[in-house]
Each structure stands twice: as structure tokens, then as C-alpha cells.
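# Structural description and commentary
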Amino acid sequence: MRKIYLYAILIAFVYSCESPQTTETSAELPLENQIENFEIREVGTKHIHVGESSSNIPHQFALFNDSLLYTRTMFTPYSFDVYNLNEGKFSNRIELDKNLMKGNPHGFNIQSDGSFMTSGLGTSIIQKSNEDFTKFDIYDFSNVNMYSKGSNNAKASFPAGFKGSTLNMIDENHLLVNFWILPKYDGGQNQAHVALLNMRDLTVERYYDIPDNAYTKSESRSYTNDLAMAYCTITDDTLLVSYPMDDMIYGYNLNESDIKFIKDGSSNQKIDIPAPQTRAENNDRQLSWDFRASTPYYSPLYYHSNKELFTRILAHPFDLEYVDGKMVTGRARKLSVLIFDKQLNKVGETVLDNTLFDIFYHVPTSNGFFVGPSSEFINEEDSLIFNTYFELIKTN
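As a starting point, this report considers the structure included with it. None of the values given here were measured: they were computed from a predicted structure.

### A word on the overall build of the protein
Helix and strand counts for the protein come out as 2 helices and 30 strands. Within the protein, the proportion of its 396 residues that are buried is 56%. With an accessible surface of roughly 17100 Å², the protein has 45% of that area assigned to carbon and sulfur atoms.

Following this line, the structure appears as C-alpha cells:
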């Protein structure tokens, strides 16, 4: 059984009904720095045996309806393992035709109607159109001028995605996407753009304004790709956009381009988000890696429908140290789970560490999260890294 320790997982950073029943109740996890009236609390565990020839530590994953967990590793990009969390076991494997798209599939997610979507090289989008994954609808945006900003034929690239934040179906004809413009077409910047695509005629129907203070406008400084992407969260007719390196949350009407409101989504830990690196620093592999491994950053914004609450997770900064000539890898890195009501007022914060709840190995449920620890704390190669349920709990 392959057990893949993902010290390099950061390069892959590239998204109802009742929460599944847990098989055992665990002791309450010590919590700290809780404010106001909600917290995130461990409520049980479930150990799931992985499928044969499957990895227990996937690189990408998406949860549908609190019950079906789809997983994939970068080593088998056309194979998707599905786990039934209600039954606590491996369900089936989906094998995509390698001729579906140019190159390997990028990120994937499961839409609210259960349809499967993935994007590939050349900004093609694949959507499942039958139950047994033998028929697909393919949309090729590779020749579409995604965003010229005065330049002809600007070329775009869809991010690899992070828990479904890249592709969001609005209706049967419209898809919300976030994408990058290649730097030579975007003044050397590495900024994410958010747009509404018309799937019928392969056009861009609307661009959403980029916040002035979300990222530097300097051509000489930028974040790496995974830190420069936009996260998109949709509730009713409202689009909420957030960023890995920005405290703020930006609200839009889906039918309009301009920003309607801005909410403070920061931690009460008073953690400062560092400025982008210079081009020279980004081009230095060691400096770039050190920055990426140690910097604080945010997860996407999640909505938990049963609780009518939002959350986002902040990875705390980590001081790199060298022990016996070796750099430490971030064991027991702290994180904050920030909790917001439907109006995005902050109503709680819980500080944990990644011995149980890792900022990468988590999927949102309607009541909270199904999570795993940092891969360094996994000792069972035949059990899925996801093993613990957390629930949003009102404390008063």
C-alpha cells in the first residue's frame, strides 16, 4: 500500500443532509482562544479502510452530500476513488478516458446536483453527463480571449483548484470560474480573476472586479500561484470572494460586476499577512519554498447549511528551524478555525494544531468538518487519512 508523505503537498494546493453518524465518541479536544458563542469541537472518529492499490493520503478530494468522498493522487490523475462515509468504507473507482483532454486533469469537484466536473490543460472543462462516467460534455475555452485588459488574445490558465473553489455551476448554462492570466499578458502580475462563463456559446459573460487591496499592483512583486488564487463561495444570489493572503471577504451580486460590501475575515490572533515576494525571491527555489512553507494563509470560505454558519481556516505562521542541518517540516503547526454568521459577523474562533486537524486534509460538511491530521502523524497505511468529525457547537 502506498503511503505518500506529502511534504510537497503545498505544490498541490492547487471545495444537504445530516452529518454521517460516527462509529465512536472521542474525548473532547482541549480548545483555546474561543470568542463569542460558537466553537468547533471534535465529536467522533471513523476509520475507513482504503481501496486496494489506493493511497491513504490523496492530493485532491471533494465531498458530496456529506456522504461520498471523491479522492485522487497526482500519480494517478485519471483515477478517482470514492468512499461512502455513511457506510465507512471504500465504494468504487472511477477511471477516466485518458483521451478526454489535453494533458492531465487539474482540480475537480462535485456540483450540488451530483455532477462531476474537472478542468484540464488548455482551459478545457469536462462535465459528466451520465451516471456511469462513460459520457462527458467537453467545453474548450483554449481559444477564448478570457481577459485582455487592452491586450489581444490574452491566454488564461485555470488553477488546479482547492476543494471545489475553481468550478461552480450557477445553472445549466453558466459556470463561475477563477483563473490566472499568464504574466506576460497581465503586466507581469500573477493575479486571479473571477468570471461567469456562458457554456452554450463559449464566451465570458461577466468579469467581477478585483479588489484594489487584495494583491499588490507592482509588476516586481507577486505571490506564488497557489497563494494568488481566488476562492469563490456562492449562497443564493451572492458571490463571496476571498484570497489566501487577504484578511478581507468581498461580496458581489452574481448578476453585477462591482463589489457590494467588504467584511473583515481576520483572526483575533492578530497575525500579519506578509507582502508578496520580489521576482528574484520567487525565482530562487529555496527562498520561495521557505516563504511558502512558513507563511500564514487562509483556506476558502465554507458555508455549513445545517448550522447557517460560514468558516475559514487560517494557518498560523511557522518559524523555520534547522535541527542537525535539516529543516523542520511544520509539525504541530497551529491553525485557527474562524466562524461567521450568515451576515459574516464573526461569532467564534478556535485554535487547534495539525496533529488532528490539518489545514489541507479537511472537507466541509453541513455541520462542520471531516478532517485528518498532518501526514506526518499518520501511522496506519491502510486507513484513509480523514478520520475525525468536528461540529460547530453553540456555547451559550
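### Notes on the sheet that holds strand β3 (residues 68–72)
Across the sheet, which stays open at both edges, the 4 strands sit in the order β2-β3-β4-β5 with antiparallel pairing between neighbours. Looking at strand neighbours, the two that pair on one side only are β2 (60–64) and β5 (89–95), the edges of this open sheet. The sheet shows a mean angle of 20° between the axes of neighbouring strands, taken without regard to direction. Bridge analysis of β3 against strand β4 (residues 79–84) gives 4 bridges, and the strand direction is antiparallel.

### Some thoughts on the nonpolar core
Counting 41 residues, the largest nonpolar core has L239, F357 and F369 as the members making the most contacts within it. Membership of the second largest hydrophobic core comes to 17 residues, among which are L69, L85, F370 and L384.

### Notes on the packing of aromatic side chains
For the structure on display, the rule yields 17 aromatic pairs. Summarising the aromatic geometry, the rings of F357 and F369 are spaced 5.5 Å apart at their centres and angled 65° between planes, so their arrangement reads as edge-to-face. With F357 in the loop between β27 (346–353) and β28 (362–364) and F369 in strand β29 (residues 368–371), this residue pair connects regions lying 12 residues apart in the sequence. A single burial state applies to F357 and to F369, both of which are buried. Clustering of aromatic rings is evident, with ring pairs tying together F61, F360, Y361, F370, F386 and Y389.

### Points about unusual backbone geometry
For N65, which is not glycine, the phi torsion reads 60° and is therefore positive. For N65, the location among the structural elements is in the loop between β2 and β3. Its relative accessible area of 35% is what places N65 among the partly exposed residues.

### A closer look at the sheet that holds strand β17 (residues 238–242)
Ordered by their spatial adjacency, 4 strands build an open sheet running β16-β17-β18-β19, and the pairing between neighbours is antiparallel. Unpaired on one side and paired on the other, β16 (231–235) and β19 (259–264) mark the two borders of the sheet. Taking each pair of neighbouring strands and ignoring which way they run, the sheet shows an average axis angle of 25°. In the sheet, β16 pairs with β17 via 5 bridges, with the strands oriented antiparallel. Bridge pairing in β17 links I234 to L239.

### Quick word on a negative patch on the surface
Judged by side-chain charge, D171, E172, D201 and E205 come together as a negatively charged surface patch. As for its placement among the helices and strands, E172 is situated in the loop between β11 (167–171) and β12 (174–181).

### Here we look at the pattern of salt bridges
Summed over all chains, the structure comprises 7 salt bridges. The shortest N-O distance in the salt bridge between K260 and D258 comes to 3.2 Å. Of the charged contacts in the structure, one is a salt bridge between E391 and K307, with a shortest N-O distance of 2.9 Å. Taken together, the residues E391 in strand β30 (residues 388–394) and K307 in the loop between β22 (302–304) and β23 (309–315) connect sequence positions 84 residues apart. With a relative accessible area of 24%, E391 lands in the partly exposed category. You can call K307 partly exposed: its relative accessible area is 27%. One network of salt bridges, in which partners are shared, links E256, D258 and K260.

### What about the environment of M245?
If you trace the backbone, M245 turns up in the loop between β17 and β18 (248–253). A residue is classified by how much of its surface remains accessible, and M245, at 4% relative accessible area, is buried. When the C-alpha atoms of M245 and L227 are compared, they prove to be 6.5 Å apart, with 18 residues separating the residues in sequence.

Rules behind the numbers
Residues numbered from 1 in each chain as written. Predicted model: local features only at pLDDT ≥ 70, side-chain atom pairs only at ≥ 80, totals over all residues. Heavy atoms only, no water. Helix = DSSP H or I, 4+ residues; strand = E, 2+ residues; numbered from the N terminus. Buried < 20%, exposed > 50% of the residue type's maximum accessible area, 1.4 Å probe, protein only. Areas by Shrake-Rupley, 256 points an atom, 1.4 Å probe, with all protein chains shown as cover. Pairing = 2+ DSSP bridges. Axes fitted to C-alpha atoms, helices over the stretch in contact; angles between N-to-C directions. Core = buried A, V, L, I, M, F, W, Y, C linked by side-chain atoms within 4.5 Å. Phe/Tyr/Trp six-rings, centres within 6.5 Å; stacked < 30°, edge-to-face > 60°. Patch = residues over 30% accessible without salt bridge, like charges linked within 9 Å, V, L, I, M, F, W, Y side chains within 5 Å. Salt bridge = Lys/Arg side-chain N within 4 Å of Asp/Glu carboxyl O. Lys, Arg positive; Asp, Glu negative; His and termini not counted. Charge placed at Lys NZ, Arg CZ, Asp CG, Glu CD.

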